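Residues per chain, in single letters:
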Amino acid sequence: MKILTVIGARPQFIKAAIGSRAIRKYHKEILVHTGQHFDSNMSDIFFKEMGIPEPDYNLGISGGSHAEMTSKMLIELEKIMVYEKPDGVLVYGDTNSTLAAALAASKLGIPIFHIEAGNRLGTLSNPEEINRTCTDHLSTMNFAATESAYNNLVKENLANRSYFVGNIMYDAFMYFSSKPANYDSIIDFDGNKVTIPDKYYYMTCHRQENTFSDEPLTEILSAMNSLEYPTIYSVHPRNRERALRICKDNNFTKIKLIQPVGYIESIHLTKNAQKIVTDSGGLQCEAFYAKVQCLFVLDFVVWPETMVDNRNQLVKPNKNDILSKFSKTQIIDEEYQPFGDGNSAEKIVDIINKWGVENGKC
Ligand code: UDP
């Protein structure tokens with residue numbers, strides 16, 4: 001089959017590093033990069049480090065409001081889909097690129113395969129919730145990373161086109177964990193190399209909910225600055241100015257701000273950290289795989305399976321709440337593996353292949 005895959009943001013590059021390899025064993029893949037993330041350390045580095053194939057198209061669309069970005073993508077993706085006539089469109093996760101691709105494909109009657117379907121926070125105030133809910137309902141096949149995500153799809157009457165396959169991010173973690181990290185590439189915002197201490201906390205924080213004003217981020221950083229070990233904070237371009245300014249103005253000397261790093265460096269930083277503090281969906285799962293305790297700074301649970309035995313705790317962007325949850329210890333049940341067996345990409349491709357045969361596409 002000819003499968004057209006649309007990616008555009010950091011976590012999608014990581015998923016595509018695994019997904020493309022599995023798809024290309026059997027099918028011709030056309031890779032489209034929307035350009036949603038474009039900085040070299042948010043995009044190029046992943047293609048190089050993880051061996052992701054060069055995109056066939058790069059749309060260079062980023063910035064603007066959600067509507068501006070999504071509508072520009074919709075127009076350009078439709079042209080490519082009309083020209084390429086794929087047998088299916090493959091999308092990952094819940095970004096504007098995901099939604100734009102799903103809308104364009106569904107209006108053209110092209111089947112959609114959605115990887116990492118079914119996650120729900122239970123609120124449409126979160127922009128990604130809108131993207132994933134719409135995409136799930138437009139998709140021909142939904143691949144859920146966990147049983148709870150699969151159950152959400154069942155509740156929304158999508159059982160007949162949904163599959164629990166495990167988390168492709170777990171596949172990525174397993175596959176890339178054994179590759180050596182290049183810590184020389186870790187630099188601060190003056191371009192200087194950052195030496196990673198033996199004991200540190202690893203943090204990312206960039207969601208709209210935590211970075212729309214100074215207050216929540218200042219609370220989080222103030223809590224981190226008061227702890228025993230330094231914090232390595234990988235700063236997303238979205239809130240770079242704010243993060244740098246808050247640390248400087250408040251003299252938060254225990255916060256080491258670094259530019260975004262490659263995936264292999266990120267998972268090594270995770271594995272060796274004392275604890276993780278994040279508002280990232282992907283990083284909280286990686287903390288879980290690495291058995292490193294995590295504090296997740298948001299009002300809503302994203303990955304319920306991680307919220308057991310203090311392994312991942314929901315915290316408010318509030319210094320006292322963060323510090324009180326920081327003191328708790330986690331318990332690890334080695335038998336508990338809710339994210340599959342690290343072979344979800346193979347399972348997804350098997351299901352797509354079966355569908356292709358049944359529908360006379362291959
Ligand atoms: N990540 C990375 N470099 C960094 C920070 C994070 O490669 O400097 C990885 C992290 O390990 C995880 C993914 O990026 O796999 C998470 O992406 P992001 O937080 O942008 O998106 P989300 O997970 O919230 O969808």
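Use the structure listed above.
Parameters and conventions
Residues numbered from 1 in each chain as written. Predicted model: local features only at pLDDT ≥ 70, side-chain atom pairs only at ≥ 80, totals over all residues. Heavy atoms only, no water. Buried < 20%, exposed > 50% of the residue type's maximum accessible area, 1.4 Å probe, protein only. Helix = DSSP H or I, 4+ residues; strand = E, 2+ residues; numbered from the N terminus. Pairing = 2+ DSSP bridges. Contact = heavy atoms within 4.5 Å. Axes fitted to C-alpha atoms, helices over the stretch in contact; angles between N-to-C directions. Right-handed = clockwise from strand over helix to strand, strands pointing away. Expected span 1.5 Å × (residues − 1). Polar contact = N/O pair within 3.5 Å; in protein donor to acceptor, adjacent residues only side chain to side chain. Phe/Tyr/Trp six-rings, centres within 6.5 Å; stacked < 30°, edge-to-face > 60°. Lys NZ or Arg CZ within 6 Å of the ring centre and 35° of its normal. Lys, Arg positive; Asp, Glu negative; His and termini not counted. Salt bridge = Lys/Arg side-chain N within 4 Å of Asp/Glu carboxyl O. Near = heavy atom within 4 Å. Areas by Shrake-Rupley, 256 points an atom, 1.4 Å probe, with all protein chains shown as cover. Nonpolar A, V, L, I, M, F, W, Y, C, P; charged D, E, K, R; others polar.

A. Local environment of the pairing of strand 11 (residues 275-278). Side chains of strand 11 alternate between two faces, with Lys 275 and Val 277 and Ile 276 and Thr 278 buried alike. As defined by bridge partners, strand 8 (residues 201-204) adjoins strand 11 across four bridges and the pair is classed as parallel. In the sheet register, Met 203 faces strand 11, and the bridge partner there is Val 277. As defined by bridge partners, strand 11 adjoins strand 12 (residues 294-297) across three bridges and the pair is classed as parallel.

B. How the structure looks around the sheet that holds strand 6 (residues 141-144). Here seven strands make up an open sheet; going across it, the order is 3-2-1-4-5-6-7 and the pairing parallel. On the outer flanks of this sheet lie strand 3 (57-58) and strand 7 (162-164), each paired with one strand and no other. Two elements, strand 6 and strand 7, share three bridges in a ladder whose sense is parallel. Across the sheet, residue Phe 143 finds its bridge partner in strand 7, namely Tyr 163. Packed on one face of the sheet, helix 14 (residues 344-358) meets strand 1 (2-7), strand 5 (112-117), strand 6 and strand 7 and runs near 165° to strand 6.

C. Main features of the pairing of strand 2 (residues 28-33). Counting buried residues in strand 2 gives five out of six residues, a clear majority hidden from the surface. Pairing geometry for strand 1 and strand 2, over six bridges, is parallel. Paired with Ile 7 across the bridge in strand 2 is His 33. Crossover strand 1 to strand 2 through helix 1 (residues 10-23) is right-handed. Relative to strand 3, strand 2 is paired through two bridges, and the arrangement is parallel. In the sheet register, Val 32 faces strand 3, and the bridge partner there is Tyr 57.

D. Up close: helix 5 (residues 127-138). Between its first and last C-alpha, helix 5 extends 17 Å over 12 residues, near the 16 Å set by a 1.5 Å rise per residue. Where helix 5 begins, the capping side chain belongs to Asn 126, and its oxygen is found 3.1 Å from the backbone nitrogen of Glu 128.

E. A look at the packing of aromatic side chains. The tally for this structure, following the rule as stated, stands at 14 aromatic pairs. Here Tyr 289 and Phe 339 contribute two aromatic rings whose centre-to-centre distance is 5.4 Å and whose plane-to-plane angle is 85°, an arrangement assigned as edge-to-face. With a gap of 50 residues between them, Tyr 289 in helix 12 (residues 281-290) and Phe 339 in the loop between helix 13 (319-326) and helix 14 connect regions that are remote in the sequence. Feature note: the residues Tyr 170, Phe 173, Phe 288, Tyr 289, Trp 303, Tyr 336 and Phe 339 constitute an aromatic cluster, connected by ring pairs. Across the ring face of Tyr 175, the terminal group of Lys 179 is positioned such that the distance to the ring centre comes to 4.8 Å. Positioned above the aromatic ring of Phe 288, the side-chain terminus of Arg 311 is 3.8 Å from the ring centre.

F. Summary view of the side chain of Glu 305. If you trace the backbone, Glu 305 turns up in the loop between strand 12 and strand 13 (312-315). The buried charged residue Glu 305 lacks any salt bridge partner; its closest oppositely charged side chain belongs to Lys 155, at an N-O distance of 10 Å.

G. Examining the site of the ligand more closely. Ser 234, Val 261, Ser 266, Gly 282 and Glu 286 are the nearest of the 19 residues found near the ligand. At 2.6 Å, a side-chain N or O of Ser 234 approaches an oxygen atom of the ligand. Take Glu 286: an N or O atom from its side chain is 2.4 Å from an oxygen atom of the ligand. Contact with the protein chains hides 93% of the accessible area of the ligand, taken as 540 Å² for the molecule alone. Mapped by element, the contributors of at least two residues to the shell around the ligand are helix 1, strand 8, helix 11 (263-271) and helix 12. Here the shell around the ligand is built from residues that sort into eight nonpolar, eight polar and three charged.

Shape descriptors only; they carry no functional weight alone.
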